[in-house]
Amino acid sequence: MRGSYHVVVQNRRVKFEFDVRRSITIVRGDSATGKTTLMSLVEAHERLGDDSGVTVSCERRCITANNANWQAVLDGVSSSIVFVDEDTKAIKTPEFARKVQRTDNYYVIITRENLPNLPYSVEEVYGIHTSGRYADLRKTYNSFYRLYEPSEPQTDVVVGKVIVEDSNSGYDFFRAIADEDTLVVSAGGKSNVRRLLSEVGSQKTLVIADGAAFGPEMSDVHLFATSHPNVYVYLPESFEWIVLSSGLIDGNRIRDVLQRTEDYVESSEFFSWEQFFTKLLVSETKGTYLRYSKSKLNEAYLGRREAGALLDAMGNVTSLFATSDKDDA
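All of the points below concern the structure found in this document. (Residues numbered from 1 in each chain as written. Predicted model: local features only at pLDDT ≥ 70, side-chain atom pairs only at ≥ 80, totals over all residues. Heavy atoms only, no water.)

## Here's the deal with the overall build of the protein chain
And step 1. Check the secondary structure of the protein chain and you find 10 helices and 13 strands.
And step 2. A separation threshold of at least 6 residues defines the contact pool for the protein chain, and within that pool the share at least 24 residues apart is 66%.
And step 3. In the form shown here, the protein chain has an accessible surface area of approximately 15500 Å², with 45% of it arising from carbon and sulfur atoms. (Helix = DSSP H or I, 4+ residues; strand = E, 2+ residues; numbered from the N terminus. Contact = heavy atoms within 4.5 Å. Areas by Shrake-Rupley, 256 points an atom, 1.4 Å probe, with all protein chains shown as cover.)

## Overview of the nonpolar core
And step 1. Phe173, Phe174, Leu206, Phe239, Tyr301 and Phe321 are the most contacted members of the largest nonpolar core, which has 45 residues in total.
And step 2. Of all the secondary-structure elements, those providing two or more residues to this core are β10 (161-164), α4 (169-177), β12 (205-208), β13 (231-234), α7 (239-245), α8 (252-259), α9 (273-285) and α10 (304-313).
And step 3. When near neighbours in sequence (up to four residues on either side) are disregarded, Phe239 contacts Ser169, Gly170, Phe173, Phe174, Asp210, Tyr292, Leu297 and Leu310. (Core = buried A, V, L, I, M, F, W, Y, C linked by side-chain atoms within 4.5 Å. Buried < 20%, exposed > 50% of the residue type's maximum accessible area, 1.4 Å probe, protein only.)

## Description of the side chain of Arg28
And step 1. You can see Arg28 is positioned in the loop between β3 (24-27) and α1 (35-48).
And step 2. In this structure Arg28 is buried but unpaired, with Glu86 as the nearest side chain of opposite charge at 7.9 Å.
And step 3. A polar contact is formed between the side chain of Arg28 and the side chain of Asn114, at a distance of 2.7 Å.
And step 4. One polar contact links Arg28 to Tyr120, side chain to side chain, over a distance of 3.4 Å. (Lys, Arg positive; Asp, Glu negative; His and termini not counted. Salt bridge = Lys/Arg side-chain N within 4 Å of Asp/Glu carboxyl O. Polar contact = N/O pair within 3.5 Å; in protein donor to acceptor, adjacent residues only side chain to side chain.)

## Considerations on the pattern of salt bridges
And step 1. For the structure shown, the criterion picks out 22 salt bridges.
And step 2. Its salt-bridge partner being Arg112, residue Glu86 comes within 3.1 Å of it at the nearest N-O pair. Taken together, the residues Glu86 in the loop between β6 (80-85) and α3 (94-101) and Arg112 in the loop between β7 (106-110) and β8 (125-131) connect sequence positions 26 residues apart.
And step 3. For Glu113, the salt bridge identified is with Lys92, shortest N-O distance 3.5 Å. On the criterion of sequence distance, the pair formed by Glu113 in the loop between β7 and β8 and Lys92 in the loop between β6 and α3 is long-range, its members being 21 residues apart.
And step 4. On the basis of relative accessible area, Glu113 is assigned to the partly exposed category, the value being 38%.
And step 5. Exposure remark for Lys92: the relative accessible area of 40% places this residue in the partly exposed category.
And step 6. Overlapping salt bridges bring together Arg21, Arg22, Glu123, Glu124, Glu237 and Glu262 as one network.

## Overview of the packing of aromatic side chains
And step 1. The tally for this structure, following the rule as stated, stands at 10 aromatic pairs.
And step 2. Where Phe173 meets Phe239, the ring centres are 5.6 Å apart and the plane angle is 40°; that geometry is what we call tilted. Remark: Phe239 occurs in helix α7 and Phe173 occurs in helix α4; sequence separation between them is 66 residues. Side by side, Phe173 and Phe239 carry an identical accessibility label, which is buried.
And step 3. An angle of 70° between the planes, with centres 6.1 Å apart, marks the rings of Phe174 and Phe239 as edge-to-face. You can see Phe174 sitting in helix α4 and its partner Phe239 sitting in helix α7, a full 65 residues away along the chain. Each member of the pair Phe174 and Phe239 is classed as buried.
And step 4. Through pairs of rings, three or more aromatic residues link up here, namely Phe173, Phe174, Phe239, Tyr292 and Tyr301.
And step 5. Sitting over the face of the ring of Trp273, Arg22 holds its NZ or CZ atom 3.5 Å from the ring centroid. (Phe/Tyr/Trp six-rings, centres within 6.5 Å; stacked < 30°, edge-to-face > 60°. Lys NZ or Arg CZ within 6 Å of the ring centre and 35° of its normal.)

## Looking at the sheet that holds β13
And step 1. Judged by pairing direction, the sheet is parallel, and its four strands sit side by side in the order β11-β10-β12-β13 without closing on themselves. Lying at the two open borders of the sheet, with one neighbouring strand each, are β11 (183-186) and β13. Neighbouring strand axes in the sheet, compared pairwise and without regard to direction, differ in orientation by 20° on average.
And step 2. Inspection of the sheet shows β10 paired to β12 by four bridges, in the parallel sense. Opposite Val162, over in β12, you have Leu206 as the bridge partner. (Pairing = 2+ DSSP bridges. Axes fitted to C-alpha atoms, helices over the stretch in contact; angles between N-to-C directions.)

## Here's the deal with the pairing of strand β2 (residues 14-20)
And step 1. Here β2 shows a clear split, with Val14, Phe16, Phe18 and Val20 buried on one side and none of Lys15, Glu17 and Asp19 buried on the other.
And step 2. Across six bridges, strand β1 (residues 5-10) lies against β2 in antiparallel orientation. When the sheet's bridge partners are listed, Gln10 is paired in β2 with Lys15.
And step 3. In textbook terms, the turn of a hairpin is the stretch between consecutive antiparallel strands, and for β1 and β2 this stretch comprises three residues.

As structure tokens, then:
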């Protein structure tokens, strides 16, 4: 399953309208924000159809999974949008994550908790915005809004420390280009980022992580960064996305893929967009001087022109850390 799907769920009193475009969409919110109502409406329409008084409009079938039937749903349903809420205790288990990743469905998971077993994107974590409450026969209109919107970094700040999520090519790149006064460390995995942040004290620090799969960690990191103005967070889709966005690998197809990624990512093959961008970059650079390996950086990317292109693709975030003046590789 691939593509973006517009979903409208409504009855006489309430209307939800939103888009889903990746394998996992997370919906968060406190009590009385509409999460339970959304789930109940989809479930009622699934059981009773038009007799439920609920209308569900979408190009794909919308169904629910719960404590009693989630395994049967995941084993027997394909090319559908599956709604699951936090009452389904299995959503926190490795077994649920394994089953989800073997299907070609999209999932809308309604939960207040982080789900570390599922690599969902920070861009697909939403709250529910309610506009207006009226008399019983009037509708309450609900829409989703992103919880973690990117912010522009200050241009007069230079960090002394950069925490990179992993120890692969991205880490190799940032360590190589940073000047000698900037400490670049690997967190050794996304789950360790928050722990390393606890050690930074008042030092100005930049976190760089793959936004395509950082969703489970984002709540804690966002909360920490919000209360620590010396911490900055940069979440590109992945390091491979930066390379593809740099213009080093030219071509109309690459530009189209970056603009409409959801139309190219088959959910049954690539659960995370980071996986897709890695395979695409490896394929596009095979047999060239820019041959890419995720495990170890090709030094060609450290050439003056190549490194400059990658930094340009990162935008204003590069103003946060000083870079050394590298000679051409």
